[in-house]
Amino acid sequence: MAREARPRPRPPVRLAATVVAGVFVLVGVLGFVPGITTGYAELTFSGHTSGARLLGIFQVSVLHNLVHLVFGLVGLFLARSVAGARGYLAVGGAVYLALWIYGLVVEHGNADRTVNVLPVNGADNWLHLLLGFGMLVLGLLLSPRAGASAGRLDQPIDRP
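Residues numbered from 1 in each chain as written. Predicted model: local features only at pLDDT ≥ 70, side-chain atom pairs only at ≥ 80, totals over all residues. Heavy atoms only, no water.

**As for the confidence of the model for the chain**
Then, number 1: Mean pLDDT for the chain: 82, with 79% of residues reaching 70 or above.
Then, number 2: Averaged pLDDT values for the elements of the chain fall to 86 in strand 3 (residues 58-59) and rise to 95 in helix 1 (residues 12-30).
Then, number 3: Every residue in residues 147-160 is under pLDDT 50, and counting partners more than four places away or in other chains gives three contacts. (pLDDT = per-residue confidence, 0-100. Helix = DSSP H or I, 4+ residues; strand = E, 2+ residues; numbered from the N terminus. Contact = heavy atoms within 4.5 Å.)

Rendered as structure tokens:
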């Protein structure tokens, strides 16, 4: 009698990347749904003049929604491997921290508002900060070599 092989559980970093990417796809789609996006009639292709707000809070535009969709689809593709998932979360986290800084400069700095091609407001800035740190933490802590079983951190991987 042959025993059926149980499917191996998905590594936590792949699961986290899949969930994060799925949320980005969902947010990208919801940005085009009237009612969930308030001020839908004021949705512009890009720029700070878009009056549309996802959930009535986060300023969005067509370009902003498309960026979320593409970012999520890339994440779903990369989440198929541990290295891809880790890279997606770590690099994506760094990108969102950079986007947070961009939002601060646009909102509070002396930058010309025309550089605000992806509309951001205060709520977006806080969300980008949380996403950046959250994705970095997930990418680094859920990786296979993270944790107590990984060995000493000051010992190079290529040496015993």
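**Observations concerning a nonpolar patch on the surface**
Then, number 1: Taken together, the side chains of Leu15, Val19 and Val23 define a hydrophobic patch exposed on the protein surface, amounting to about 250 Å² of accessible area.
Then, number 2: By relative accessible area, Val19 is classed as partly exposed at 49%. (Patch = residues over 30% accessible without salt bridge, like charges linked within 9 Å, V, L, I, M, F, W, Y side chains within 5 Å. Areas by Shrake-Rupley, 256 points an atom, 1.4 Å probe, with all protein chains shown as cover. Salt bridge = Lys/Arg side-chain N within 4 Å of Asp/Glu carboxyl O. Buried < 20%, exposed > 50% of the residue type's maximum accessible area, 1.4 Å probe, protein only.)

**What about the packing of helix 1 against helix 2 (residues 62-78)?**
Then, number 1: Closest axis-to-axis distance for the helix 1/helix 2 pair is 7 Å, and the angle between their directions is 155 degrees. Of the possible angle classes, the one that applies to helix 1 and helix 2 is roughly antiparallel. Relative to helix 2, helix 1 is oriented so that their crossing is left-handed. Contact residues: helix 1 offers Thr18, Ala21, Gly22, Phe24, Val25, Val27, Gly28 and Val29, while helix 2 offers Asn65, His68, Leu69, Phe71, Gly72, Leu73, Gly75 and Leu76. (Axes fitted to C-alpha atoms, helices over the stretch in contact; angles between N-to-C directions. Parallel < 35°, antiparallel > 145°, perpendicular 65-115°, else oblique. Left-handed = near helix turned anticlockwise from the far one by under 90°.)

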